[in-house]
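Descriptive structure summary
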Amino acid sequence: MRRPEGEVIPPLGIIMETWQIVIAYIFVVWAVVTDIQKREISNVLTGSFLLLGIALSIYNHTLLFMIISVVVTTAIALLLFKMGMFGGGDLKLFIALAA
């Protein structure tokens, strides 16, 4: 089967970024639902999300950017946690989301 002339095939980078956004969205929705139902966010959820983020950063050669992002996000999230604006699960989720 031939492709029609003029059809634009998206580069692999755009496809990977789209899947990363979809996966992040799924994890965040899962965290929101469990947080509403149980008033806690699972360590398994945030841990697997963090490991996936690290793996994708290594795959995309953006490990240094990810480390800087996690450090800055951790500082801001810890400040909000200490001020009582965040719970512990929110803190973990924001750190995993930064990865």
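Everything in this summary refers to the structure shown in the same document. (Residues numbered from 1 in each chain as written. Predicted model: local features only at pLDDT ≥ 70, side-chain atom pairs only at ≥ 80, totals over all residues. Heavy atoms only, no water.)

**Here's the deal with the packing of helix α2 (residues 43-59) against helix α4 (residues 88-98)**
For clarity, the cut-off: Only the contacting stretch of a helix is used when fitting its axis, a line to C-alpha atoms as for every element, and angles between N-to-C directions run 0 to 180 degrees. Elements are defined by DSSP. Helices are runs of H or I of four residues or more, strands are runs of E of two residues or more, and each kind is numbered from the N terminus. Throughout this description, any angle smaller than 35 degrees is read as roughly parallel, any larger than 145 degrees as roughly antiparallel, any in the 65 to 115 degree range as roughly perpendicular, and the remainder as oblique. Left-handed describes a crossing whose near helix is turned anticlockwise from the far helix by less than a right angle; the clockwise case is right-handed. Note on contacts: a residue pair qualifies if any of its non-hydrogen atoms lie within 4.5 Å across the two residues.
Relative orientation of the contacting elements α2 and α4 amounts to 15°, with a least axis distance of 8 Å. With respect to their mutual orientation, α2 and α4 come out roughly parallel. Handedness of the α2/α4 crossing: left-handed. Contacts between α2 and α4 involve N43, T46, F49 and L50 from the former and K92, L93, I95, A96 and L97 from the latter.

**Description of unusual backbone geometry**
Positive phi, close to 60°, is recorded for R39, a residue that is not glycine. Structurally, R39 can be placed in the loop between α1 (12-38) and α2.

**A short note on the environment of G47**
Its location among the elements puts G47 in helix α2. Residues G47 and A96, 49 residues apart in the sequence, show an inter-C-alpha distance of 7.3 Å.

**Observations regarding the packing of aromatic side chains**
Rules: Pairing of aromatic rings covers Phe, Tyr and the six-membered ring of Trp, with a centre-to-centre limit of 6.5 Å; geometry is then stacked below 30 degrees between planes, edge-to-face above 60, and tilted otherwise. With a 1.4 Å probe rolled over the protein chains alone, any residue whose accessible area is under 20% of its type maximum counts as buried; one over 50% counts as exposed, and the rest are partly exposed.
Within this structure, the stated rule accounts for 3 aromatic pairs. Pairing F27 with W30 gives two aromatic rings, centres 6.1 Å apart and planes at 35°, and the pair type is tilted. Placement of the pair is F27 and W30 together in helix α1, with a separation of 3 residues, close to one helical turn. Given a relative accessible area of 13%, F27 falls into the buried group. Classification of W30 as partly exposed rests on a relative accessible area of 44%. Look at F86 and F94: their rings are 4.9 Å apart centre to centre, the planes differ by 45°, and that puts the pair in the tilted class. Since its relative accessible area comes to 18%, F86 is described here as buried. A residue is classified by how much of its surface remains accessible, and F94, at 41% relative accessible area, is partly exposed. Among the aromatic residues, ring-to-ring pairing joins F27, W30 and F49 into one connected group.

Everything listed here is a matter of coordinates, which is why it stays silent on function.
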